[in-house]
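What the coordinates show
Letter by letter, the chains look like this.
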Amino acid sequence: MSALSQRTIGRSVTLRGCGVHSGAEASLTFHPADPDSGVRFRRVDLEGDPVVLADLDHVVDTELGTTLAAGDAKVHTVEHVMASVTALGLTNLLIDLDGPEAPIRDGSFQDFLAVLREAEPTEQDRPRSTVTVTEPISVSGSEGQSYVAVPLADLRISATIEFDHAAIGRQYGSFEISEECFQSELAAARTFGFLADAEMLRSRGLAQGSSLENSVVLDDDGVMNEGGLRFPDEFLRHKVGDMVGDLALLGCHLGAQIVAERPSHAGNIALARAIRAQATASGRESVVDVTKIMEYLPHRYPMLLVDRITQYERGKRIVGIKNVTINEPFFQGHYPGHPIMPGVLIVEAMAQVGGLLLMEEVEEPESKVVYFMTMDNVKWRRPVTPGDTLVFELEIVQYRRRTCKMKGLGFVDGQVVAEAEFMARIVDT
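Throughout what follows, the structure given in this document is the object of discussion. Keep in mind the model is a prediction, meaning the values are calculated, not measured.

Rules behind the numbers
Residues numbered from 1 in each chain as written. Predicted model: local features only at pLDDT ≥ 70, side-chain atom pairs only at ≥ 80, totals over all residues. Heavy atoms only, no water. Pairing = 2+ DSSP bridges. Helix = DSSP H or I, 4+ residues; strand = E, 2+ residues; numbered from the N terminus. Axes fitted to C-alpha atoms, helices over the stretch in contact; angles between N-to-C directions. Patch = residues over 30% accessible without salt bridge, like charges linked within 9 Å, V, L, I, M, F, W, Y side chains within 5 Å. Areas by Shrake-Rupley, 256 points an atom, 1.4 Å probe, with all protein chains shown as cover. Salt bridge = Lys/Arg side-chain N within 4 Å of Asp/Glu carboxyl O. Buried < 20%, exposed > 50% of the residue type's maximum accessible area, 1.4 Å probe, protein only. Core = buried A, V, L, I, M, F, W, Y, C linked by side-chain atoms within 4.5 Å. Contact = heavy atoms within 4.5 Å. Left-handed = near helix turned anticlockwise from the far one by under 90°. Nonpolar A, V, L, I, M, F, W, Y, C, P; charged D, E, K, R; others polar. Polar contact = N/O pair within 3.5 Å; in protein donor to acceptor, adjacent residues only side chain to side chain. Phe/Tyr/Trp six-rings, centres within 6.5 Å; stacked < 30°, edge-to-face > 60°. Parallel < 35°, antiparallel > 145°, perpendicular 65-115°, else oblique.

Whenever strands of a sheet pair, they do so through backbone hydrogen bonds, lying parallel or antiparallel. If you walk across this open sheet you meet the 6 strands as S20-S21-S23-S24-S25-S22, and the pairing is antiparallel. Of all strands in the sheet, those with a lone pairing partner are strand S20 (308-313) and strand S22 (368-380), marking the two edges. Sheet twist, expressed as the average angle between the axes of neighbouring strands with direction ignored, equals 20°.

If you want it as structure tokens, here you go:
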């Protein structure tokens, strides 16, 4: 297999089982797909058979699993499927799902890997996109998660987990992410949970399908499953497999050495977005320059905080740049001798990039203005100082009748510095 060729499968195959959280029975049918079509889930149980693209722009939840959505159509717990797809180098698939959640099977990755191998993976006459980390990237989370990604031609993951339970404790391992290694070292590792948490999770509508048949369950005495563990560090290996599945949502071959401490789904997705931001920033050809920006935004000095737009997908996503210099007027007072860009202006710059995305959704944009109505889940991760280049990524979550919900991230050197969710409305001037 050429690592740089796109791949699909030669024939359709099906797996069936219950969802670990929903408890609902569902089947997954994998179909061949054309080059450049990507991996797509199709909810065949919903009216119109809506399709959800398996990429970072469609991630809507990361609690105890990764959930994708397009409009009202959701696909829960995709990480096991996506890890197996990535391990085989598959890039183009149409996956029919007749329920809300991918089947959990035995809680590991091995059933998905086996059935996709049986489907006869085949190369396609089209090059596969590749992203290689070019400079160190670090990402941290609020619950002790931390990640560092450094340059490497292929993908290697080194991870550490730590749980206050005698059967787990602190575990470390390092794995080359190839088909052979994934099959022998990671595929059989099962998801796990604690008996003490079961009642709480089920009261919240989670873990409805969890059992000893599809999860490693721990009580105060240790592992409850007959036969015990498949690996002494099965818990760690499953976490690494989940990382492979979440990073698959980059939609490309990834070259990086990743060192992760206490990885989580939320952290994995944040890392993937930081990697994408670095790749975006490394080639900053302008799609829209500042002259064009001033035709769409009413802001002027000192409140115009967007220098250029580097990526644009109408109705979906936009990437914009703000070059931060010592000449910014706000540095005179914030703070003398210790210049830091005010957090409110970081969010303002992010909102202006989002406003440019919305202006293409209406006729005569020069006679319109975007009013932001709410901001939620605003977080600042690290200071922004003179010399930094802010890269903002915004995506539309929902758009109805000139009112839009957007999610935004701000990066400096691949690290997340700010994030927010916005509700905005387009009005006539």
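Read on for the rest.
Taken together, the side chains of Leu195, Leu212 and Met224 make up a nonpolar region of the molecular surface, amounting to roughly 250 Å² of accessible area. By secondary structure assignment, the location of Leu195 is in helix H4 (residues 195-203). Taking the relative accessible area as the measure of exposure, Leu195 reaches 43% and is therefore partly exposed.

Moving on to the nonpolar core. With 79 residues, the main nonpolar core has Phe30, Phe41, Ile157 and Ile258 as its most contacted residues. Discounting chain neighbours no more than four positions away, the residues touching Phe41 are Leu28, Pro50, Val51, Val52, Ala54, Leu68, Val75, Val78, Val81, Met82 and Ile95.

With that settled, the discussion passes to the pattern of salt bridges. Counted under the stated rule, the structure contains 24 salt bridges. Two residues, Glu234 and Arg190, come together in a salt bridge whose shortest N-O distance is 2.7 Å. On the criterion of sequence distance, the pair formed by Glu234 in helix H5 (residues 234-247) and Arg190 in the loop between helix H3 (179-186) and strand S16 (192-194) is long-range, its members being 44 residues apart. Both residues of the pair, Glu234 and Arg190, count as buried. One salt-bridge network, held together by shared partners, links Asp57, Arg276, Arg317 and Glu393.

Here we come to the packing of H3 against H5. Relative orientation of the contacting elements H3 and H5 amounts to 145°, with a least axis distance of 10 Å. The crossing of H3 and H5 is left-handed. Here Phe182, Glu185 and Leu186 of H3 come into contact with H5, specifically with Arg237, Val240, Gly241 and Val244. Across the contact of H3 with H5, the residue classes tally to 4 nonpolar, 1 polar and 2 charged.

The next thing to look at is the environment of Ser138. In this structure, Ser138 sits in strand S12 (residues 137-140). Note on Ser138: relative accessible area 28%, which makes it partly exposed.

Here we take up the side chain of Thr8. Of note, Thr8 is situated in strand S1 (residues 5-9). Of the polar contacts made by the side chain of Thr8, one reaches the backbone oxygen of Asn92; its length is 2.7 Å. In contact with Thr8, other than residues within four places in its own chain, are Pro32, Ala33, Leu90, Asn92, Leu93, Glu120, Pro121, Thr122 and Gln124.

This part covers the sheet that holds strand S18 (residues 222-223). The 3 strands are arranged S16-S17-S18 in an open sheet whose pairing can be described as mixed. Each end of this open sheet is capped by a strand with a single partner; those strands are S16 and S18. Sheet topology places S16 next to strand S17 (residues 216-219); 3 bridges connect them, and they run parallel. The residue bridging Phe194 from the neighbouring strand is Leu218, located in S17.

This brings us to the pairing of strand S9 (residues 93-97). With 5 of its 5 residues buried, S9 lies for the most part within the structure. Examined bridge by bridge, strand S3 (residues 25-32) and S9 share 5 bridges and lie antiparallel to one another. By the bridge assignment, Thr29 is partnered in S9 with Asp96. Judged from the 5 bridges that link them, strand S4 (residues 39-43) and S9 form a sheet pairing that is parallel. Within S9, the residue paired with Arg42 across the bridge is Asp96.

The subject of this paragraph is the packing of aromatic side chains. On inspection of all chains with the given rule, the structure shows 7 aromatic pairs. When the ring of Phe109 is compared with that of Phe182, the centres are 5.6 Å apart and the planes differ by 70°; the resulting orientation is edge-to-face. Of this pair, Phe109 sits in the loop between S9 and helix H2 (110-118) while Phe182 sits in helix H3, placing them 73 residues apart in sequence. For the residue pair Phe109 and Phe182, the accessibility class agrees, reading buried in each case. Ring geometry for Phe330 against Phe331: centres 4.7 Å apart, planes inclined by 65°, an arrangement best described as edge-to-face. Summarising the burial analysis for this pair, Phe330 and Phe331 share the class buried. Aromatic ring contacts, followed pair by pair, group Phe163, Phe192, Phe194 and Phe235 into a single cluster.

Another aspect to go through is the packing of helix H1 (residues 79-87) against H5. It is at 7 Å that the axes of H1 and H5 come closest, and there the two elements cross at 80°. If you check the angle between H1 and H5, you find them roughly perpendicular. Every residue of H5 that contacts H1 at Glu79, His80, Met82, Ala83 and Thr86 is listed here: His238, Gly241, Asp242, Val244, Gly245 and Asp246.

The topology assignment puts Val290 in helix H7 (residues 290-296). Distance in space between the C-alpha atoms of Val290 and Leu305 is 10.0 Å, their sequence separation being 15 residues.

Any link to function would need more than the numbers given here.
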